[in-house]
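Structure assessment
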Amino acid sequence: MRKDRFTKILAGTAMVACTLAGCSSGGGAQLPAASFVSMQEGPGEEYVIGPLDELTIHVWRNPELGAEKIQVRPDGRITTPLVTDMPAVGKTPSMLAQDIRLQLSQYIEEPLVSVIVNQFAGTFSQQIRVVGATEKPASIPYRANMTVLDAMIAVGGLSEYASGNKAKLIRFDKSTGSQKEYALRLADLLKRGQSDANVMLKPGDVIIIPESTF
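Here strand S7 (residues 127-132) runs beside strand S8 (residues 138-141); their pairing, made up of four bridges, is antiparallel. Residue pairing in the sheet places Ile128 in a bridge with Ile140 of S8. Between S7 and S8, which pair antiparallel in sequence order, lie five residues.

Dropping the structure here:
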């Protein structure tokens with residue numbers, strides 16, 4: 001009788017400790033669930049140009065000073081007529097247009113410049129990277145209102161030997177300058193259809209999926 005009572009006390013203590021520590025099957029804190037279809041669609045953070053993005057630059061009434069299908073070089077720069085080695089990476093399209101306008105104003109009066117992003121790669125801080133036991137690990141350009149379900153569809157889901165409920169999401173917290181780790185329940189989401197396992201993503205998130213150890 002005394003032994004049974006002691007066992008119950010130990011079990012209760014373990015449960016309380018687990019609750020206080022935020023225990024989960026995948027380790028790390030839990031993110032709030034996201035709906036499969038966003039109730040209020042809204043714009044995301046303003047797009048920042050990354051290496052290998054393809055741009056089109058228009059200069060109003062001076063088409064010879066613009067260019068189409070300019071690929072941002074791996075060093076993050078572009079070259080157009082009268083503008084040599086202009087840094088592009090890390091700028092929004094409007095910021096880059098303003099910088100080009102300032103350069104061209106040395107040659108023409110009050111140029112009007114617009115920058116259009118034709119193909120998106122983005123900076124690493126704007127990509128979602130999915131690695132580990134998935135069908136096709138990849139870096140995916142982030143888009144507004146993106147969820148972990150969207151990311152898993154993009155990479156073809158879990159591999160045969162994936163331990164989906166032990167997956168982790170690594171997120172950089174700009175406010176503290178540190179990264180945080182969150183637990184994901186990918187097997188519950190993809191194999192059991194549990195909607196509460198779907199969570200919102202943010203630009204720069206990394207999803208790590210381990211393999212089963214059996």
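With 24 residues, the main nonpolar core has Val130, Val148, Leu186, Ile207 and Ile209 as its most contacted residues. Elements that contribute at least two residues to this core include exactly S7, helix H3 (148-154), helix H4 (186-190) and strand S11 (206-209). When residues in this core are grouped by element, the largest group, four residues, is from H3. Aside from chain neighbours lying at most four places away, what touches Val148 is Leu184, Leu186, Leu189, Ala197, Asn198, Val199, Leu201 and Ile207. The next biggest cluster of nonpolar side chains, apart from the first, holds 21 residues, and it includes Ile49, Ile57, Leu65 and Leu104.

Right, let's get into the sheet that holds S7. Reading across from one edge, S1-S10-S9-S11-S7-S8 is the order of the six strands in this open sheet, with mixed pairing throughout. Each of the sheet's edge strands pairs with one partner strand only, and the pair in question is strand S1 (29-30) and S8. Taken together, the four bridges between S7 and S11 define a ladder with parallel strand orientation. When the sheet's bridge partners are listed, Gly132 is paired in S11 with Ile209.

So, how was this worked out
- Sequence positions are assigned chain by chain, starting from 1 and proceeding in written order.
- pLDDT decides what is reported in this predicted model: residues at 70 or higher carry local features, side-chain atom pairs at 80 or more are listed and counted, and totals for whole chains, interfaces and linings draw on all residues regardless.
- Note that water and hydrogens are dropped before the side-chain values are worked out from all heavy atoms of the structure.
- Any two strands are treated as partners once DSSP identifies two or more bridges connecting them.
- Starting at the N terminus, helices and strands are each numbered in turn, a helix being any DSSP run of H or I of at least four residues and a strand any DSSP run of E of at least two.
- By convention a nonpolar core is built from buried Ala, Val, Leu, Ile, Met, Phe, Trp, Tyr and Cys residues, the set being connected through side-chain atoms within 4.5 Å.
- Only protein chains enter the accessibility calculation, which uses a 1.4 Å probe; a residue whose area is less than 20% of its type maximum is buried, one above 50% is exposed, and one in between is partly exposed.
- Any two residues whose heavy atoms approach within 4.5 Å are treated as being in contact.

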